[in-house]
Amino acid sequence: MSVTDFDIRRVGGRIGAEILGVDLSADLAPAVVAEINTALLEHKALFFRGQELDDAAQLRFAAHFGELTTAHPTVPSVDGQPNILPVDGDGGNRANQWHTDVTFLRTPPKASTLRSLVVPPYGGNTLIANSAAAYRDLPAPLRELADRLRAVHTNDYDYAAPKSEKAAEHRRQFISTKYRTEHPVVRVHPESGERGLFIGGFAQSLVGLSPSESRDILRILQSYVIRPENVVRWTWAPGDLVLFDNRITQHYAPDDYGDLPRLLHRVTVAGDVPVGVDGEHSRVLEGGEAAHYTPAAA
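Described below are features of the structure shown in this document. From a predicted model like this one, the values you see are computed outputs, not experimental measurements.

1. Details of helix H5 (residues 165–174)
Piece 1. Residues Ala167, Ala168, His170 and Phe174 constitute the buried set of H5. Down the axis of H5, the sector holding all buried residues measures 160°, keeping them to one side.

This is the structure in structure tokens:
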């Protein structure tokens, strides 16, 4: 397959593109993988309709972009598939907040793939936001402030009251080991060099500021990330696959489908240690490197 054998169709003005004419179940030539990676850097989130992949094919596709993590630092994987996380609305796993995956660790994933198995007839969409566009939107004084800030991310954040016993059990599992990591609020992308706001739901406080000051400033910065012009919404159909750059996006899955079933499988690619504008790296505060989760910890 040559790089001209598929089309890239923009979905949103600032984020998102649908890839047409590529079969992810096939062996992909290195040039095709490189072209997909180039599109990912530009569009931040890529959408592939009607792929009808199985677990093995999803793993094989994700591995084109680097070593894989295991499913999650604390949450169990799909049975017999240590690298696949079930995103099961019926299992209490409803990420009804804006976040970047696993930023409570020093080495969050580079990229995430989500594959739809069961989708509700309405609702259950996924929203993805461009945090580089958000950074560019900041007025100069806010950008200068953000460049100097560092945030503490943790999986033990201020959860809403669980709606069911399944949700309560998922929360207990999620925080069974407590992690805290200090990251730059503005991350420099290791491939593109873009600057993006690296915050989201796991960012709970700012270094050197009080809890109330932290909440206010994080709320202001987050409001730029989730501006409608910086967000793309994907309406799932069975067999879809989404690939997004976890280093420079946030995502949100609205809990708007009642008791209907929704099941996705997530596979994530191991990432590196974030670096701020000043060249300073992230650092672990509590919980260790989670070497059982990501090879990047080594």
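2. Overview of the sheet that holds strand S6 (residues 126–130)
Piece 1. Strand order across the open sheet formed by 3 strands is S12-S6-S14, with antiparallel pairing between neighbours. The sheet terminates laterally at strand S12 (231–234) and strand S14 (249–252), the two strands that pair on one side only. Taking each pair of neighbouring strands and ignoring which way they run, the sheet shows an average axis angle of 20°.

3. Considering the packing of aromatic side chains
Piece 1. Taken as a whole, this structure holds 8 aromatic pairs when the rule is applied.
Piece 2. Both rings, one in Trp98 and one in Tyr252, keep their centres 5.4 Å apart while their planes meet at 45°; by these two values the pair is tilted. Placement of Trp98 in the loop between strand S4 (85–88) and strand S5 (111–118) and of Tyr252 in strand S14 is noted, with a sequence separation of 154 residues between them.
Piece 3. Between Phe104 and Tyr179 the ring centres are 5.9 Å apart and the planes differ by 25°, which places this aromatic pair in the stacked class.

4. Observations regarding the pairing of S4
Piece 1. Here S4 shows a clear split, with Leu85 and Val87 buried on one side and none of Pro86 and Asp88 buried on the other.
Piece 2. Relative to strand S15 (residues 263–269), S4 is paired through 4 bridges, and the arrangement is antiparallel. Its bridge partner lying in S15, Pro86 is registered against His265.

5. Things to note about unusual backbone geometry
Piece 1. Positioned with a positive phi, Glu52 is a non-glycine residue whose angle comes to about 55°.
Piece 2. As for its position among the elements, Glu52 is in the loop between strand S3 (45–48) and helix H2 (55–62).
Piece 3. Not every positive phi belongs to a glycine, and Val102 is a case in point at roughly 60°.
Piece 4. Counting through the fold element by element, Val102 comes out in the loop between S4 and S5.

6. A look at the side chain of Arg150
Piece 1. Mapped onto the fold, Arg150 is located in strand S7 (residues 150–154).
Piece 2. Exposure remark for Arg150: the relative accessible area of 14% places this residue in the buried category.
Piece 3. Here Glu182 takes part through its side chain, which lies 2.4 Å from a polar atom of the side chain of Arg150.
Piece 4. Within the local environment of Arg150, its side chain forms a polar contact with the backbone oxygen of His281, the two atoms lying 2.6 Å apart.

About the criteria used
Just so you know, the residues in each chain are numbered from 1, in the order the chain's sequence is written. Side-chain atom pairs in this predicted model are given and counted only at pLDDT of 80 or more, local residue features only at pLDDT of at least 70, and totals for whole chains, interfaces and linings cover all residues. Computation of side-chain values covers all heavy atoms of the structure but excludes hydrogens and water. For each residue, the accessible area found with a 1.4 Å probe, counting protein chains only, is set against the maximum for its type, and the residue is called buried under 20%, exposed over 50%, and partly exposed in between. Every helix listed is a DSSP run of H or I at least four residues long, and every strand listed is a run of E at least two residues long, numbered separately from the N terminus. Read the arc as the range of directions from the helix axis to the C-beta atoms. Pairing between strands is defined by DSSP: at least two bridges between the two strands are required. Convention adopted: a line fitted to C-alpha atoms gives each axis, helices being fitted over their contacting stretch, and angles between N-to-C directions are expressed from 0 to 180 degrees. In summary, the pairing rule links any two rings of Phe, Tyr or Trp, Trp by its six-membered ring, whose centres are within 6.5 Å, and it sorts them by plane angle into stacked for under 30 degrees, edge-to-face for over 60 and tilted for everything else. Nitrogen and oxygen atoms within 3.5 Å of one another constitute a polar contact, given that in protein one can donate a hydrogen and the other can accept it, and given that sequence-neighbouring residues count only through two side-chain atoms.

Function cannot be read off these values alone, since they describe shape.
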